[in-house]
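Observations on chain architecture
Chain by chain, the residues run as shown.
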Amino acid sequence: MAKRRRYKSYAWTHPKTKKLYARIQIRQPDGKLKTYLKPAKNATHADQLAAEMFDDYAVRKTGFIDGEVMTFDDLAKWYIETKVQPPVYSDTGIKVSGMRTHRNVRLRIERLQKFLGKMLIKHINEDVLAACKDWLKKESPNAKPASINRYLEDLRAMLRAAVRRRWLRENPFDFGDRMIDTALEARREVILTGEQEFVILEMARRSEKTLLYHALLCLLDTGARPSEIYDASSVKGEPVKWKDFFDYDFQAVKLTSYKGKKKLVRFAPVTERLESAMMELWDSLKESEQKSETQIFPVKSFKTAWGKVRKKSETALRVAAKEKIPVSEVLALSEEKFNELKTEAEKLDFNFDVRLRDLRRNFSTRLANTGMENDLRQRILGHEMAQTTFDYTQADLQTALLAKKMLDRQNKIDLIESDAVN
């Protein structure tokens, strides 16, 4: 005869599949009993699993009930409706809800749903995360590690929210191998040389989009984010207006950023060349357009114009490198001669990969070369963390030459002191 159990057993065998489960029943908020099952190895294991489920329910209550049947699609729907929304700011400029990057986050979550959609969130473990990461890499073979990390960071945030709502007992990102490895992300280190800066400004000046030239000067000489001077962000901001220059006599300019948790207002310097260019732009406006409350750059994007200028600048730099002449001489060539040299220069291995946002890195590096301390540069650039300012500063050729002068000066001092002692 089978051994009699002293206490009630929660082991249950499915009558059709003959598989063994831990089987418990929990009363729902509507008063009905609902059955929960977990696969078990044997009767003792089934009782252990049942005890764990009862303990889990004692802590999580309705969270346990909802979490047991919640799929990733359910979690995604809730997360998008409650978290992934346009940002809302208080009167004091503090962000109280929403995300500035809500559109990109929504697109990433919708893509994750293709892999995890119908899966119960309680079944998402370390192995599922690893499989999801591999799937993302196969779906986008050319994607950079940073792009994959953004997907995984969104997934981690969703699962953390589920833990806070008690739909999950724990976040699988806290266990197993590290899924998000930021060390693999390639940090951009692009800064412009003096020659490169000269050619892009000259090409922008010659282009039909005359505002691009002035926008480039603003980015180069103030360290502004693109969204601080025109509507580059998908969320409405406060791009620079004429009054932000005039109120400070073109010695400084007020910049407003919504980056991070709160609205931030800071001041950036206005160089003589920027002042001259902006006054030239002001004078070119019709009298009816000369209003201090007017936005200076009423555009959504410089993408097309910037793409053309960057391409023309790269071609000119190729010719200069191929012929071993200054780029200023290349720009002075006749169109016929330039086109003749351009054909041969196209074969040269040359890459001019610069983005508008890289100009902030240029600005930070130039300030560092003047000797300005990191904490002051951090405030002018509007960074919340000092590490960000450090990442935005590079050691270019000018930095190396500056270091050379300092070392040569110190070597002379050491030599004089040594001779005096002897």
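Residues numbered from 1 in each chain as written. Predicted model: local features only at pLDDT ≥ 70, side-chain atom pairs only at ≥ 80, totals over all residues. Heavy atoms only, no water.

**Brief notes about the overall build of the protein chain**
Helix and strand counts for the protein chain come out as 18 helices and seven strands. Taking the principal axes of its C-alpha atoms as reference, the protein chain extends roughly 100 × 70 × 55 Å. When the 422 residues of the protein chain are sorted by exposure, 38% land in the buried category. Total accessible area on the protein chain stands at roughly 25700 Å², and carbon and sulfur atoms take up 51% of it. (Helix = DSSP H or I, 4+ residues; strand = E, 2+ residues; numbered from the N terminus. Buried < 20%, exposed > 50% of the residue type's maximum accessible area, 1.4 Å probe, protein only. Areas by Shrake-Rupley, 256 points an atom, 1.4 Å probe, with all protein chains shown as cover.)

**Let's talk about unusual backbone geometry**
In the Ramachandran plot, Asp249 falls in the positive-phi region, its phi being about 50° despite a non-glycine side chain. Looking at the secondary structure, you find Asp249 in the loop between helix H10 (243–246) and strand S6 (252–257). According to the relative accessible area criterion, Asp249 is exposed, its value standing at 58%. With phi around 55°, Lys324 is a residue other than glycine that occupies positive phi space. Locating Lys324 in the fold gives a position in the loop between helix H12 (303–323) and helix H13 (327–331).

**Brief notes about the sheet that holds strand S1 (residues 11–13)**
If you trace the three strands from one edge of the open sheet to the other, you get S1-S2-S3, paired in antiparallel fashion. In the strand order of this sheet, the two ends are held by S1 and strand S3 (33–39), each with one partner. Strand-to-strand twist across the sheet, computed as the mean angle between neighbouring axes with direction ignored, equals 45°. Taken together, the three bridges between S1 and strand S2 (residues 20–27) define a ladder with antiparallel strand orientation. If you follow Trp12 over to S2, its bridge partner there is Tyr21. The strands touched by helix H2 (residues 62–69) within the sheet are S2 and S3, with S3 carrying the most contacts at an inclination of about 60°. (Pairing = 2+ DSSP bridges. Axes fitted to C-alpha atoms, helices over the stretch in contact; angles between N-to-C directions. Contact = heavy atoms within 4.5 Å.)

**Quick look at a negative patch on the surface**
A cluster of acidic residues, Glu126, Asp127, Glu170, Asp174 and Asp177, forms a negative patch at the surface. Among the structural elements, Asp177 can be located in the loop between helix H6 (145–164) and helix H7 (194–206). Judged by its relative accessible area of 64%, Asp177 is exposed. (Patch = residues over 30% accessible without salt bridge, like charges linked within 9 Å, V, L, I, M, F, W, Y side chains within 5 Å. Salt bridge = Lys/Arg side-chain N within 4 Å of Asp/Glu carboxyl O. Lys, Arg positive; Asp, Glu negative; His and termini not counted. Charge placed at Lys NZ, Arg CZ, Asp CG, Glu CD.)

**Description of the nonpolar core**
For soluble globular proteins, the rule of thumb is that nonpolar side chains tend to be buried together. Core analysis: the largest hydrophobic core is formed by 50 residues, its most contacted members being Val199, Leu216, Ile229, Phe245, Met278, Ile296 and Phe297. Counting only elements with at least two residues in this core, the list comes to H7, helix H8 (210–222), S6, helix H11 (272–284), H12, H13 and helix H14 (335–345). No other element matches H8, which puts eight residues into this core. Not counting residues up to four positions away in its chain, the partners in contact with Phe297 are Leu211, His214, Ala215, Cys218, Ile229, Tyr230, Val240, Met278 and Phe302. Listed in part, the 33 residues of the second largest apolar core include Ile109, Leu152, Ala162 and Phe173. (Core = buried A, V, L, I, M, F, W, Y, C linked by side-chain atoms within 4.5 Å.)

**Here's the deal with the environment of Thr343**
Structurally, Thr343 is set in helix H14. A C-alpha to C-alpha distance of 9.0 Å links Thr343 and Val319, two positions 24 residues apart in sequence. Here Asn339 takes part through its backbone oxygen, which lies 3.3 Å from a polar atom of the side chain of Thr343. (Polar contact = N/O pair within 3.5 Å; in protein donor to acceptor, adjacent residues only side chain to side chain.)

**A look at the pairing of strand S7 (residues 264–269)**
As defined by bridge partners, S6 adjoins S7 across six bridges and the pair is classed as antiparallel. The partner of Thr256 across the bridge, within S7, is Val265.

**Considerations on the packing of helix H5 (residues 126–139) against H6**
One can describe the packing of H5 onto H6 by two numbers: an axis separation of 10 Å at closest approach and a directional angle of 145°. As for the relative orientation of H5 and H6, their crossing is right-handed in sense. Along the contact surface, H5 presents Leu129, Lys133, Leu136 and Lys137, while H6 presents Ile148, Tyr151, Leu152 and Leu155. (Left-handed = near helix turned anticlockwise from the far one by under 90°.)

**A short note on the confidence of the model for the protein chain**
The pLDDT averaged across the protein chain works out to 85; a share of 90% of its residues lies at or above 70. By mean pLDDT, helix H17 (residues 386–391) is the weakest element of the protein chain at 63, and helix H3 (residues 72–82) is the strongest at 95. (pLDDT = per-residue confidence, 0-100.)

**Quick look at H2**
Among all positions of H2, only Gly63, Phe64, Ile65, Gly67 and Glu68 are buried. Against the buried residues of H2 lie S2, S3 and helix H1 (43–60).

**Thoughts on the side chain of Ser207**
Turning to its location among the elements, Ser207 is positioned in the loop between H7 and H8. According to the relative accessible area criterion, Ser207 is buried, its value standing at 15%. Separated by 2.7 Å, the side chain of Ser207 and the backbone oxygen of Ala204 make a polar contact.

**So, the pairing of S3**
The pairing of S2 with S3 spans seven bridges and is antiparallel. Each bridged residue has a counterpart across the sheet, and for Ala22 the counterpart in S3 is Lys38. What sits between the antiparallel neighbours S2 and S3 is a turn of five residues, in which Gly31 has the positive phi angle 95°.

**Regarding the pattern of salt bridges**
Inspection of every chain in the model, using the stated rule, returns 17 salt bridges. One salt bridge in this structure joins Arg225 and Glu228, with 2.8 Å as the shortest N-O distance. Overall, the relative accessible area of 1% leaves Glu228 in the buried class. For Glu314, the salt bridge goes to Arg318, with nearest N and O atoms at 3.2 Å. Taken together, the residues Glu314 and Arg318, both in helix H12 and four residues apart, mark about one turn of the helix. Of the two residues, Glu314 and Arg318, both sit in the buried class.

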